[in-house]
Every structure is written in structure tokens, then in C-alpha cells.
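Overview (structure and organization)
Listed below are the residues making up each chain.
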Amino acid sequence: MTGRSIKTFMTAVFELKSPTKTKTTVLNYCFLNYHNLYEELLEDAKSSNLDRFIKSKTYEIRNFIKNQLKSNPDFANKMNKLHLSLAMEDGLSNDLAASIQSYCELKNDYNSTMENAGIADTEKEKLSLPGLPTIPPLIARQENWENRLEKLATASTLDDENEARDQLLKENKAGQFRPIVFPRHRLADGFYMLQHKTKPSFYILFNLYKKESRFSRKIDLSQYKVLGTEKTHKHTAIGLVFPINFGKSYQYDRFLRWIAENNNDVLDAPIIKPKTARLCKKGDRFEAHVSFEITREAKEPLTWLGVDRGIHNIASLCVIRENGEIIAEKNFTGKQLKYVQKKMERRQKTVQKKGKKYRSATRLSEAKKAIHGIANRIVEQAKKHHAQVVIEHLGNLTSRNKKRNKSNFNRLLGRQQYSKLKDVLEYKLSRAGLPKPLSVSAAYTSSTCPKCGVSDQNNRDRNDPNNAFCCQNCGYKHDADLNAARMIALKKIWRNGLPKNKKTLKISVLDETD
């Protein structure tokens, strides 16, 4: 062990179990006022030009909003009149700051792209200006629908069309309350996850109103213990306690179990704490989306695990020691994904021959399942061997603005899907206490021999049904995809051994300097 720790964040959804009519009335009251206040604050923020926040960080935007609210007597009077809690006021500022920050990031990316001389003007013309943050109305009006449709039909520019479409989508979501944000796991200005002291039951407490509110009632908290903290409370009059429904295999086994039970004797047990929550209303149901902070002790990598985008297989991995010795290797065939891809391609050809557009989410759904399955097995091997995962560098795979080199092979795992695999691996490895995956250029890894080091395109025949790698120099033979995974790991080991000023240089440049 390294003595360091790795923190990750995951969200679990809990359903509020059959709230009474009184509790439902309180929740609807809070949702309505939170939604209206957010809409009012958002309109005020948009009227003062959001572009001034483009270079600001989230906490700077949040502090600015809080200062504005304190200096706004109308808002203070409204909060006092409604008797909404400090937690909801704090949630409003955090929620609004996150929306503004999201807009600023999109606007900054747009500006950078437009100023980039290396991007063709034809590509820039396809981009549209990011729209300002919006919130759906609570009541849908027929005249709004008609106006939006007319504006969409008469749009003459891409920006006008996008704006009209955004407004139409906004109208389509009318009637949906804005989720209420609770930014802290604290009684005074947030929420609490609770467990009954004598029953195997869990609850959640939301700080919803002030003591002066007509809803305020004293609630006995002595029968509960607070999850994730040693604090105890006798009673409160600023919120409501709700029993919660959840699944055992996910919510309990992955989160609540590690907080509620004594796990001192469990090796490598994570430390899990509730951090933030979002209270959502979906139809007649109420849900709490709780974000947990998961801390694990960081593991020092002892081996290397290379991952290759396979040609005959969906992906391949190879675990090696520093000297290149193979410890474990595995091909992932992806038979189900292959079947779905071929089936969808045949259906697409049939539909397009009839002059119709083909739309289906089946292929993407199967690819998503395959990605998570592969990621789970890679992490399993990485945990078993304490390995540092190395994957193909994604720069040339995901860039939309630069011309990409044409691949010689028809990979089963697409460019965007491989990028998704990287993202999934990052959080799954961190959750296991392992470092994030490193990347290396995949150039020559399919054609290089790990024994003699000779790179020759004839070492691998892409049309070979046996998917064999055969070195033309020394005669070494192996599965081609597994060999490529091994070479990805070996290449990273070699790169790490270079002087710091040469680690990022291309191989051709290194050959010239050596």
C-alpha cells in the first residue's frame, strides 16, 4: 500500500416510501417555490450578461450569486415570507452556479473552435452558438406550441433553427419541477441519511423550511443514528423524515452496507460518506439522488496491463511484468455485439433501399453493455495483479475537427465507443483504488515482435482467419490481438524509461536524435 487514498463519487437513487398527504403537500409546496425562485434568479442572471463568467470558476460564480442574493432585499423578503430553509437557499445558488458554469464551458469551447485557424471554415459553419440556460414552464400553453412551430418552420439560419428547436423542447418538458439541490450532509443546511437504531430500516431527512413555517413540527431524532458521522441529535423542527425504498444488490451492497455495518475486519474496505442530494419528482413519485464519496487506499501498481482494440475480437488484454514476461492474457470475442451489428447493418440496407431513414438505438445499447462488461473484466484483472492499465491513445480517435488517418482494419469497437471505454475504466479503476489508465500511441504495436523488436507489416496478415502473428525475422508466433495488447504495455514501459525531455517525442524523431 502507498499510504495515499483515491476518492471517487457515485450516485444512488432512493425512492421516498409512500409519503403521507401532509408530507406530499409540503414537498409540492417546496418544489413549486424552488422552481419559481430558480426561474426568477436565472432571468436576472441572463439579463446581466453571462459571458462575463466565462473565465470564472464554479466557486467564484457561486460566491458572486450568494453576495447578490444577500444584497437583494426583494429576494431576502421573499425567502422570509416563504419560510424556505437555509439549505434550499444554498441549493439555489449552487444549482444556478452549475448551470452558468456549464453554459460558460460550452461558450468557451465554441469561441476556441471559431478562433482556431487549423479548423476549416466549412466545419465552423456547422457549429451553432450555445443557447442560454433555460427552465421549462410549469404550465404548457397551446399558443406557445404554435409560436415555436412557426418559428422553427420559418427559420432561415442554423442558429435560428437551433433556438426554435430548443424552445420547442423546453415547451415539451412543461410541468416538470426543477430538482431541489441539497449541497451538504448536515442538519442545519442540508440533508441527513439515517438508520433506525433498533430496526433494519433506513430514512432520509430533508431540511425544507424554517422554524417559523406553518409546516414546522418537532420531530424526535433520538431513535435514529446518522450515517457517515458520529453526530447525534435529539430532535429537529426544520425538516421531514422519510422512509426510503432501495435495492439490495446496488444501493445497499455498494453504499449503505459499508456505512451501516462494522467493516473493521474487512480487508480493503472503502470509506463511504453521503455528500450531496437532489430531491426529484417524477409523476407521483419522489426520489432522492444521493451522491456518495468513496475513499479507498491507493494501490501501488506492480505489473502492466495493455488493452488493444481487437480486429477479430472486440478487445484484448495482456498483463506483463516489467521485464515483459506474460502473467495473464485474454480475448473478448463480443459475439453478441457482432451478431447485433450484422443484423442492424442488414436491416439498415433494406430500409435505405426503400428511400427511408434508418433509426435504431439497439446497436448503441448493445455496445454500451459490451463496454461495461469489458471494463469490469479489465478492472478484475487489474485488481488481481495490481496492474497499471495502458490503453490506446485516443487523440486521433475522438477528434472531430482534424482529419483522421484511415484505419487499415475494421475495428469491432468504434472510435466513440473506445473513448467511452476509457471514461468507464477511469471511474471503475479509481473505485478499486487503482490509478487511472495511461495511454500510448498504438502505432506499430500490431506489427512489432516482442521478442526481437523488428516491426514489419508482413508480421500480421489482416485477412488471416486464424488471426495469427508471425515474425518474419525470428519466427515468433502468437495471437495477433493478444500480441498487440502486450506491445501496448511494453511500449509504455519503454516510454517511461526515456529521459523526461524525450518521453513525448515521436519514434521517428527519437531515431534521428539517437
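All figures in this text were calculated on a predicted structure; none of them were measured in a lab. (Residues numbered from 1 in each chain as written. Predicted model: local features only at pLDDT ≥ 70, side-chain atom pairs only at ≥ 80, totals over all residues. Heavy atoms only, no water.)

1. A look at the nonpolar core
Counted only if it meets this: The definition of a nonpolar core used throughout is a set of buried Ala, Val, Leu, Ile, Met, Phe, Trp, Tyr and Cys residues joined through side-chain atoms within 4.5 Å. Only protein chains enter the calculation, and the probe is 1.4 Å; a residue is then buried if its accessible area is under 20% of its type maximum, exposed if over 50%, and partly exposed in between. In DSSP terms, a helix is any run of H or I states spanning at least four residues, a strand is any run of E spanning at least two, and both are numbered starting from the N terminus. Residue contacts are defined here by distance: any two heavy atoms, one from each residue, within 4.5 Å place the two residues in contact.
Judged by nonpolar contacts, the single largest core of 73 residues is most densely connected at L16, F182, M193, I204 and F206. Top element by residues in this core is helix α1 (residues 21-47). It accounts for 11 residues. With near-sequence residues (within four places) excluded, M193 lies in contact with F14, H185, Y203, I204, K225, V226, L227, I244, L256, P274, V290 and F292. Residues V389, I391, L425 and L434 belong to the second largest nonpolar core, which totals 24 residues.

2. Things to note about the side chain of R486
Inclusion rule: Two residue types count as positive, namely Lys and Arg, and two as negative, namely Asp and Glu; His and chain ends fall outside the count. The term salt bridge refers to a pairing of a side-chain nitrogen on Lys or Arg with a carboxyl oxygen on Asp or Glu at a separation within 4 Å.
When you line up the elements, R486 lands in helix α13 (residues 480-496). Buried within the structure, R486 lacks any salt-bridge partner; its nearest side chain of opposite charge belongs to E329, at an N-O separation of 6.8 Å. Beyond its immediate stretch of four places on either side in the chain, R486 contacts C318, I320, G324, I326, P450 and Y476.

3. As for the sheet that holds strand β14 (residues 387-392)
Defined as follows: Pairing between strands is defined by DSSP: at least two bridges between the two strands are required. Helix axes are fitted to C-alpha atoms over the stretch in contact, other axes to C-alpha atoms as well, and angles between N-to-C directions run from 0 to 180 degrees.
Pairing is mixed across the open sheet formed by 5 strands, whose spatial order is β13-β12-β11-β14-β15. The open sheet is flanked by β13 (326-332) and β15 (438-440), the only strands paired with a single partner. Neighbour-to-neighbour, the strand axes of the sheet open up by a mean angle of 20°, direction not taken into account. Lying on the sheet, α13 is in contact with β11 (303-308), β12 (315-320), β13, β14 and β15; it crosses β11 at an angle near 130°.

4. Some details on unusual backbone geometry
We note that Y444 has phi near 75°; this positive angle belongs to a residue other than glycine. Take Y444: it is sitting in the loop between β15 and β16 (468-470). Even without being glycine, N467 reaches a positive phi, approximately 55°.

5. Comments concerning empty space enclosed by the protein
The condition is simple: Think of a 1 Å grid over just the protein atoms. A cavity is a set of points where a 1.4 Å probe fits yet cannot get out, a pocket is an open set with protein on both sides within 12 Å along at least five of seven lines, and lining residues have an atom within 4 Å of a point. Grid points are joined across faces, edges and corners, and a volume is the space filled by probe spheres set on the points.
The tally for this structure, following the rule as stated, stands at 1 cavity of 30 Å³ or more. When its volume is computed, the largest cavity comes out at roughly 40 Å³. Every residue along the wall of the largest cavity is listed here: L194, L221, Y224, K225, V226, T232 and H233. With 3 residues, the single largest contributor to the lining of the largest cavity is strand β6 (residues 224-226).

6. Here's the deal with the side chain of Q251
Cut-off, in case you're wondering: Each polar contact in these results corresponds to two N or O atoms within 3.5 Å; when the atoms are within protein, one needs to be able to donate a hydrogen and the other to accept it, and residues that are neighboring in sequence are counted only if both atoms are side-chain atoms.
For Q251, the position within the fold is in helix α8 (residues 248-260). Its relative accessible area of 13% is what places Q251 among the buried residues. In this structure the side chain of Q251 is engaged in a polar contact, spanning 2.7 Å, whose partner is the backbone oxygen of V13.

7. Structural notes on the sheet that holds strand β2 (residues 180-182)
Taking strand neighbours across the sheet as the criterion, the 8 strands line up as β2-β9-β10-β1-β8-β4-β3-β6 in an open arrangement whose pairing is antiparallel. Of all strands in the sheet, those with a lone pairing partner are β2 and β6, marking the two edges. The average undirected angle you get between the axes of adjacent strands in this sheet is 35°. As defined by bridge partners, strand β3 (residues 191-196) adjoins strand β4 (residues 202-207) across 5 bridges and the pair is classed as antiparallel. Within β4, the residue paired with M193 across the bridge is I204. In this fold helix α4 (residues 86-115) packs onto β2 and β4, with an angle of close to 105° to the strand it touches most, β2. Contacts from α8 reach β1 (5-16), β3, β4, β6, β9 (271-282) and β10 (285-297) within the one sheet, and its direction differs from that of β1 by about 115°.

8. Some points on the pattern of salt bridges
What the rule picks out here adds up to 16 salt bridges. Here E293 ties to K7 by a salt bridge, and the two come within 3.9 Å at their closest N and O atoms. Here K7 lies in strand β1 and E293 lies in strand β10, a separation of 286 residues in the sequence. E293 gets classed as buried once you look at its relative accessible area, which sits at 10%. Where D90 meets K66, a salt bridge forms, and the shortest distance between an N and an O atom there is 3.0 Å. Of this pair, D90 sits in helix α4 while K66 sits in helix α2 (residues 58-70), placing them 24 residues apart in sequence. By relative accessible area, D90 is classed as buried at 10%. The exposure class assigned to K66 is partly exposed, which follows from its relative accessible area of 23%. Because the salt bridges share partners, they merge into one network encompassing K66, D90, R184, R186 and D189.

9. Points about the confidence of the model for the protein chain
To be explicit about the condition: pLDDT expresses how confident the predictor is about each individual residue, on a scale running from 0 to 100.
Residues at a pLDDT of 70 or more form 86% of the protein chain, whose mean pLDDT is 83. In this model residues 396-410 is a low-confidence stretch, pLDDT under 50, and it forms 22 contacts with partners more than four residues away in sequence or in other chains.

10. Section: the packing of α1 against α4
In helix packing, the relevant descriptors are the interaxial angle and the interaxial distance, both defined with respect to the helix axes. Selection criterion: Should an angle fall under 35 degrees it is taken as roughly parallel, and over 145 as roughly antiparallel, whereas 65 to 115 is taken as roughly perpendicular and any remaining angle as oblique. Helix crossings are classified by the rotation of the near helix relative to the far one: an anticlockwise turn of less than a right angle makes the crossing left-handed, while a clockwise turn makes it right-handed. Classes in brief: Ala, Val, Leu, Ile, Met, Phe, Trp, Tyr, Cys and Pro nonpolar; Asp, Glu, Lys and Arg charged; the others, Gly included, polar.
Orientation of α1 relative to α4, taken along the N-to-C sense of each, is 45°, at an axis distance of 10 Å. In terms of orientation, α1 lies oblique with respect to α4. Taken as a pair, α1 and α4 cross one another with a handedness that is right-handed. On α4, the residues touching C30, Y34, L37, Y38, L41, L42 and A45 of α1 are M88, G91, L92, D95, L96, S99 and I100. Residues of the contact of α1 with α4, tallied by class, amount to 11 nonpolar, 2 polar and 1 charged.

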